[in-house]
Amino acid sequence: GLQLIKKYIILILMITSIFSASNIEVQKIMDNMTLKEKIAQMIMVRVRSDYYSSDSYYKKEIENWITNQKVGGLITFDGNGNVHGMFNNHQYFQSISKIPLLIASDLERGAGQQMKGATLFPSNMAIAATGDPYNAYLQGKITAEEAKELGIHIIFAPVLDVNNNPNNPIINLRSYGDNSDVVSEFGLQFIKGIQDQGLYACPKHFPGHGNTSIDSHSSLPIINSSLSELNNIELKPFKNAVNNNVKMIMMAHIAVPALDPLIMPASHSYKITTDLLINNWNFKGLIITDGMEMGGITKEAWSGEAAIRAIEAGSDIILLPIDVEKTIESIYNAILSNRISEDRINLSVSKILNSKFELNLFDYEFNFKNMTSIVGNKEHLIIADRIASS
């Protein structure tokens, strides 16, 4: 009995030392950061899989954001490039960043959605039509395996929006369907597939972008569902994901009067982000905005103000601000004028840095040979084909 107790004590000490080690490291890094560098950790900018010559204007801009502004992350998109371009760009941009960059991508249908050469899966609606949630798990697993070798850590997926409006112009096939239980079940399996590989899944678009006929890329949709409808339909898949330890959630640029009568975009709503998601649901993970260049938010406020409001609401990461320098400057001024406290910034930055440790970014090494044996390999393509034909 005594031996067992000793074993437990040793185990507990080991676990706490692992956590405190990364916490001590995080504290050390934060102690050496200026306020502007902390703010920049909360910013994620765009990179593509294209080839950039060294004097390319856009490459210089990204280099400036990383080396001078010290941004904390990249979201990687398909340009006209391929797996090689993606791999090389990530490797290069990581090599010039003092603190490793969090790299995310919208891989809803697999890494093949953003680059030639990787595995592409059918849309979510087709995955759900197979009737087998294990297909969603396999898709998540393969997507994460390929993403990891390409230096991507966060998959901006699954889409957990319930497509309960047939006129929806933006979600439609990206949703698992119009039944919230189906969306919950398939979404959860996809999340497990990703997170079992040690990466982060980031469901979107909270609190649910399904019941609208407006695209938030162009203007602000208003979801007029009642509170009981929201609880039974829109919120259910997200609540399920939170209860099952999803690591990250993306806030939508949609207004939901039943959750916030001020008709603010969810990404600007303290009631939806902090009261509901953090306090009520006890969500401890990272919270990111949807793209800040989307019409649903730019019509509400200019770049700097939009970012400030998102931080006030409770987001940790600002995705794709229109003007990076001005956004950092605006947040900085908001702290100087006591509109936002430095503690509020520290909270998000410590969450971001802890994630970078948890994702093993400080020890990650790019390996081209491994990448070529995993990304788009025969086994993965066969599974994707089998799922598509079932």
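> So what about the side chain of Glu 108? Which residues, and what values?
Residue position: Glu 108 is located in the loop between β3 (102–105) and α5 (124–129). Contact partners of Glu 108, with chain neighbours within four places excluded, come to Gln 113, Asn 124, Gln 139, Phe 156, Ala 157, Val 159, Arg 174, Phe 190 and Lys 204.

> Quick rundown of unusual backbone geometry? Include the residues and the values.
That bond from Lys 204 to His 205 is cis: its omega, 0°, falls within 30 degrees of zero. Look at the link from Phe 206 to Pro 207: it is a cis peptide, with omega at 5°. Structurally, the position occupied by Pro 207 is in the loop between β5 (200–201) and α8 (227–232). In this model, Lys 70 sits at a positive phi of 65°, which is unusual for a non-glycine residue. For Lys 70, the position within the fold is in the loop between α3 (57–67) and β2 (73–77). Since its relative accessible area comes to 22%, Lys 70 is described here as partly exposed. Although it is not a glycine, Asn 282 adopts a positive phi angle of roughly 65°.

> Which residues make up empty space enclosed by the protein, and what are the values?
A complete count under the given rule lists one cavity of 30 Å³ or more for this structure. What lines the largest cavity is simply Met 33, Glu 37, Gln 41, Ile 66, Lys 70, Val 71, Ser 97, Lys 98 and Ile 99. For the lining of the largest cavity, a count of residues per class yields four nonpolar, two polar and three charged.

> Explain helix α12 (residues 303–313) to me, and be specific about the residues and the numbers.
Burial runs high along α12: nine of the eleven residues are buried. By the burial criterion, the buried members of α12 are Ser 303, Gly 304, Glu 305, Ala 306, Ala 307, Ile 308, Ala 310, Ile 311 and Ala 313. Contacts from the buried residues of α12 go to α10 (270–280), β7 (286–289), α11 (295–298), β8 (318–319), α13 (324–336) and α14 (342–358). Downstream of α12 by one or two residues, Gly 314 has phi in the positive range, about 130°.

> Account for the sheet that holds β8, naming residues and giving values.
On the basis of which strands lie adjacent, the open sheet formed by six strands has the order β5-β4-β3-β2-β1-β8 and parallel pairing. Because the sheet does not close on itself, it has two edges, and the strands there are β5 and β8. Alignment of strand β1 (residues 43–48) against β2, held across five bridges, turns out to be parallel. Considered in β2, the bridge of Val 47 is made with Thr 76. Contacting β1 and β2, α3 crosses the sheet at an angle of about 155° to β1.

> An account of the packing of aromatic side chains is requested, with residue identities and associated values reported.
For the structure shown, the criterion picks out eleven aromatic pairs. A centroid spacing of 5.8 Å and a plane angle of 10° characterise the contact between Tyr 134 and Tyr 137, whose relative ring orientation is stacked. Placement of both Tyr 134 and Tyr 137 in helix α6 (residues 133–149) is noted, with a separation of three residues, approximately one turn of the helix. Overall, the relative accessible area of 48% leaves Tyr 134 in the partly exposed class.

> I'd like a rundown of the pairing of β2, residues and numbers included.
When you tally the buried positions in β2, you get five out of five residues, the bulk of the element. Taking every second residue as pointing to the same face, both faces of β2 are buried, with Gly 73, Ile 75 and Phe 77 on one and Leu 74 and Thr 76 on the other. Between β1 and its parallel partner β2, the chain crosses via α3, and the hand of that crossover is right-handed. Of the pairings in the sheet, the one linking β2 to β3 comprises three bridges and is parallel in character. Looking at the pairing, Ile 75 lines up with Ala 104 of β3.

What counts and how
- Chains are numbered independently. Their residues run from 1 in the order of the written sequence.
- Only residues with pLDDT of 70 or above have their local features reported here, since the model is predicted, and side-chain atom pairs are shown and tallied only from 80 upward, although totals for entire chains, interfaces and linings are computed over all residues.
- Only heavy atoms go into the side-chain values, all of them from the structure, while hydrogens and water stay out.
- Comment: elements are numbered from the N terminus, with helices defined as DSSP H or I runs of at least four residues and strands as E runs of at least two.
- Pairs of residues are marked as contacts when any of their non-hydrogen atoms sit within 4.5 Å.
- Relative accessibility decides the category of a residue: with a 1.4 Å probe and only protein chains considered, values under 20% of the type maximum give buried, values over 50% give exposed, and everything between is partly exposed.
- Points on a 1 Å grid over protein atoms alone make up a cavity when a 1.4 Å probe fits among them but cannot get out, and a pocket when they form an open set with protein on both sides within 12 Å along at least five of seven lines; lining residues each have an atom within 4 Å of a point.
- Grid points are joined across faces, edges and corners, and a volume is the space filled by probe spheres set on the points.
- Three residue categories are used. Nonpolar comprises Ala, Val, Leu, Ile, Met, Phe, Trp, Tyr, Cys and Pro, charged comprises Asp, Glu, Lys and Arg, and polar comprises the others, including Gly.
- We treat two strands as partners when DSSP finds at least two bridges between them.
- Only C-alpha atoms enter the line fits that serve as axes; for helices the fit covers just the stretch in contact. Angles between N-to-C directions range over 0 to 180 degrees.
- Two aromatic rings from Phe, Tyr or Trp, using only the six-membered ring of Trp, form a pair when their centres are within 6.5 Å; if the ring planes differ by under 30 degrees the pair is stacked, by over 60 it is edge-to-face, and anything between is tilted.
- Looking down the strands as they point away from you, a crossover is right-handed if its path from the first strand over the helix to the second goes clockwise.

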